[in-house]
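A closer look at the structure
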Amino acid sequence: MIECPNCKHQEFVGTLFCSECGGRLVHVSPMPTVNISREDIEDEAQATRPKVPEGPSLASGALLGLRLLSSGEIISLVGRDNFTLGRAVEGQAVIPDIDLGRYEAYDQGVSRIHAEIRLAEDGVFLVDLDSINGTLLNGRPVETQQPLPIRHGDMLQLGRLRLQLISRIRAER
Amino acid sequence: MAPSGRDFYTLLGIPRNASTDQLRRAYRQAALRLHPDRNDNPNDTELFLSISQAYETLIDPGSRQEYDQQLAETESKQAGKASFRAQVLQSRQSLLALDEPQVHYMLLDLSPRGGLKHVRPPVNLAIVIDRSTSMKGQRLDQVRSATLEILRSLEPNDSAVVVAFSDRAEVIVSPDQAKDLPAARARMSLLQADGGTEIGQGLRLGLQELQKNFTREGVNHLVLLTDGRTYGDEAECLAMAGSVAEHGITINGVGIGGDWSDRFLDELASSTGGSVLFLDNPKAITGLLDGILGTLSKVVASRMQLDGSLSQLVDLRSAFRLLPEPTILGDTLPLNLGNMPQDTPIRVLLEIVIHPIGQVGSLPLAHLTVSGDLLGPSAEQQSLPVAIEIPVSEQPDTEPPPGPIAEALAALALYRMQDKARHEAELGQSSQAARRLESLATQLLANGQRDLAKAALNEAENLAKSRRLSTEGEKRLKYGTRALLLPARAGGPNLDD
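Residues numbered from 1 in each chain as written. Chains lettered and ligands numbered in written order. Predicted model: local features only at pLDDT ≥ 70, side-chain atom pairs only at ≥ 80, totals over all residues.

Remarks on the overall build of chain B
Within chain B one finds 15 helices and 16 strands. In terms of C-alpha radius of gyration, chain B reaches 24 Å, essentially the compact-globule figure of 23 Å for 497 residues. Considered along the principal axes of its C-alpha atoms, chain B spans approximately 70 × 55 × 50 Å. Among the 497 residues that make up chain B, the fraction classed as buried is 45%. Considering only residue pairs separated by 6 or more positions, chain B has 74% of its internal contacts joining residues 24 or more positions apart. (Helix = DSSP H or I, 4+ residues; strand = E, 2+ residues; numbered from the N terminus. Rg over C-alpha atoms; globule rule 2.2 N^0.38 Å. Buried ≥ 20, exposed ≤ 12 C-beta atoms within 10 Å, placed from the backbone. Contact = placed C-beta atoms within 7 Å.)

Given below as structure tokens:
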């Protein structure tokens with residue numbers, strides 16, 4: 001089977017248009033979509049970058065992801081090149097791209113607009129956006145509004161909420 | 001060859017590479033259905049005899065081999081002298097060796113062989129008009145004047161009859177009166193709207209009249225104009241259409257307004273190789289009838305049919321005629337393709353599913369036969385065998401699909417979205433249907449179809465308001481998206497030569 005990139009509908013190999021959304025499937029690989037197990041990717045990551053602190057890679061097509069240390073759940077960061085992190089509250093004018101509300105962000109002291117992850121040409125950057133309880137990168141406080149390069153495996157702490165960056169970008173800084 | 005012209009494999013409905021087991025099973029099923037002890041229909045007995053003969057020939061390896069050889073010879077001979085040409089395009093140049101099903105598309109262009117002299121064939125036409133109460137006013141007025149317009153443009157060899165029906169049917173203009181315009185006009189003015197809609201009545205009388213003037217040299221065609229739905233006689237109508245299709249009579253349906261049953265009319269027309277036209281504005285009817293007559297006068301062959309068998313591991317999922325008129329053809333062979341025009345090919349799109357094939361070098365997909373009657377004094381049946389095969393490889397084919405196929409499938413995707421949305425609306429999943437219509441509208445806009453996109457959005461709104469589609473809107477979408485199947489370069493040069 002192959003998967004429609006638009007609506008994730010499964011189609012037989014050889015199909016040219018998605019029967020669900022009408023989207024064209026020509027640019028999708030003519031080979032069937034294969035599910036690679038997480039261990040395979042992890043093994044590969046270990047082989048290419050053995051020194052990086054342990055962290056799983058992403059199953060989906062995303063370049064970046066955040067793993068919640070408390071639950072192991074992974075939030076994929078797709079479709080943009082900067083992502084604000086925070087929690088959405090009803091009636092809030094500016095809502096963050098990534099709402100951490102359902103991970104008990106309030107109890108953990110995450111601000112409504114807490115930090116930003118920026119995907120730039122020369123790497124991935126973390127910016128603290130004047131959060132109340134501050135941001136830590138690998139245990140060290142981050143100066144506010146100051147972009148800091150981050151890479152695969154780095155630990156981010158927003159308030160007390162701990163996240164690990166998962167990145168497919170392997171460029172050395 | 002069996003007397004009907006179908007080869008033994010087609011007769012039994014099995015692939016050419018069928019196993020002995022398959023052969024036995026097919027024969028047993030046919031026997032259960034057709035054995036004279038169970039079945040009184042004399043034609044079926046004859047069919048049963050040919051099937052028995054087919055079975056006996058094929059079950060013995062020696063005689064099967066002999067037959068295969070003979071079949072190959074006959075087919076190459078037929079191919080040599082056939083007056084048709086068939087060109088096949090496939091969506092991929094090679095299949096993938098996979099152990100999962102895959103989809104494949106074949107586009108067939110059937111056209112008369114060059115050098116075939118075209119003379120305008122005599123047209124034998126029946127116009128069957130719904131005169132039920134709902135036709136009152138502008139609708140019937142327009143039908144009346146359009147019909148007269150058609151009678152005026154007939155040529156001396158043509159014949160035409162006008163039948164009107166409500167709960168019963170009568171001949172309004174007889175073939176003799178049709179040639180005498182003042183008389184025809186006087187007769188047409190008697191046509192008044194009154195009563196219900198019983199399509200069976202009109203169809204029966206129309207076909208009877210058509211058969212009286214039946215011409216082997218020309219085209220025999222019935223146009224059914226209706227704005228309502230018939231109750232209880234659908235099956236009878238379909239049976240009538242099926243039996244006249246064997247004689248090469250085609251039926252076009254014209255639906256006016258929103259309250260006619262498009263599914264019934266579609267089935268009726270496509271079983272004869274005809275098509276259905278939707279008319280949201282009665283004023284367009286003159287042009288429409290004129291178009292039908294124009295098409296008929298360009299016909300070179302009638303009773304065109306695509307028959308044969310698909311290989312083992314191959315199933316027909318759906319079939320569409322894209323040219324001359326876009327029509328949904330169903331999913332079982334034989335497919336009735338109606339008349340073949342002189343200047344445009346009959347273009348058929350076949351969507352097939354190929355079951356896991358594993359490791360083979362190449363796969364025969366189908367052994368098809370294109371058959372039809374050349375019009376003219378000799379009126380002979382012609383058939384052209386078409387064998388389709390495709391290589392199988394480990395590597396995916398990276399070539400983009402041929403333009404005409406991609407184009408047709410893009411349009412088909414839109415048609416199918418509309419169909420799905422309507423289905424969902426009927427099941428009561430109105431929010432899902434509305435969402436689908438909205439994304440259909442987006443796609444239509446991207447294709448420059450502003451009016452259709454608007455219609456789709458209107459229907460999405462209707463769904464939100466009343467949880468259902470408007471009867472007229474659903475038809476506008478259906479026939480609007482279906483019309484997109486018509487290739488942009490219709491009538492242009494052939495596929496790749």
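As for the overall build of chain A
In terms of regular secondary structure, chain A is built from one helix and 13 strands. Listing the helices and strands of chain A from first to last along the sequence gives β-β-α-β-β-β-β-β-β-β-β-β-β-β. In chain A, buried positions account for 31% of the 173 residues. Taking the contacts inside chain A whose residues are at least 6 apart along the sequence as the reference set, 38% of them involve residues at least 24 apart.

Observations regarding the interface of chain A and chain B
With 14 residues of chain A in contact, the opposing surface of chain B contributes 24 residues. A breakdown of the residues in the side of chain A that touches chain B according to their chemical character gives 10 nonpolar, four polar and no charged. (Nonpolar A, V, L, I, M, F, W, Y, C, P; charged D, E, K, R; others polar.)

Considerations on the sheet that holds strand β1 (residues 84-90) of chain B
Residues and elements named next belong to chain B. If you trace the five strands from one edge of the open sheet to the other, you get β1-β3-β14-β11-β12, paired in antiparallel fashion. Only two strands of the sheet have a single partner each, and these edge strands are β1 and β12 (327-330). Pairs of neighbouring strands in the sheet enclose a mean axial angle of 25 degrees, with direction left out of account. Judged from the nine bridges that link them, strand β3 (residues 102-112) and strand β14 (residues 346-354) form a sheet pairing that is antiparallel. In the sheet register, Gln102 faces β14, and the bridge partner there is Ile354. Sheet strands in contact with helix α12 (residues 403-426) are β1, β3, β11 (314-323) and β14, and its direction is about 110 degrees off that of β3. (Pairing = 2+ DSSP bridges. Axes fitted to C-alpha atoms, helices over the stretch in contact; angles between N-to-C directions.)

Some thoughts on the confidence of the model for chain B
Residues and elements named next belong to chain B. Overall, the prediction assigns chain B a mean pLDDT of 85, with 96% of residues at 70 or greater. Low pLDDT, under 50, characterises residues 490-497; the stretch is placed with 12 contacts to residues that sit more than four places away or in other chains. Across the assembled chains, the prediction reports ipTM 0.73 with pTM 0.71. (pLDDT = per-residue confidence, 0-100.)

Comments concerning the nonpolar core
Val128, Val163, Leu222, Val223, Leu349, Ala408 and Ala456 of chain B are the most contacted members of the largest nonpolar core, which totals 130 residues. The greatest single-element share of this core, amounting to 11 residues, is contributed by α12 of chain B. Listed in part, the 21 residues of the second largest apolar core include Leu64, Leu66, Leu77 and Leu156 of chain A. (Core = buried A, V, L, I, M, F, W, Y, C linked by C-beta atoms within 7 Å.)

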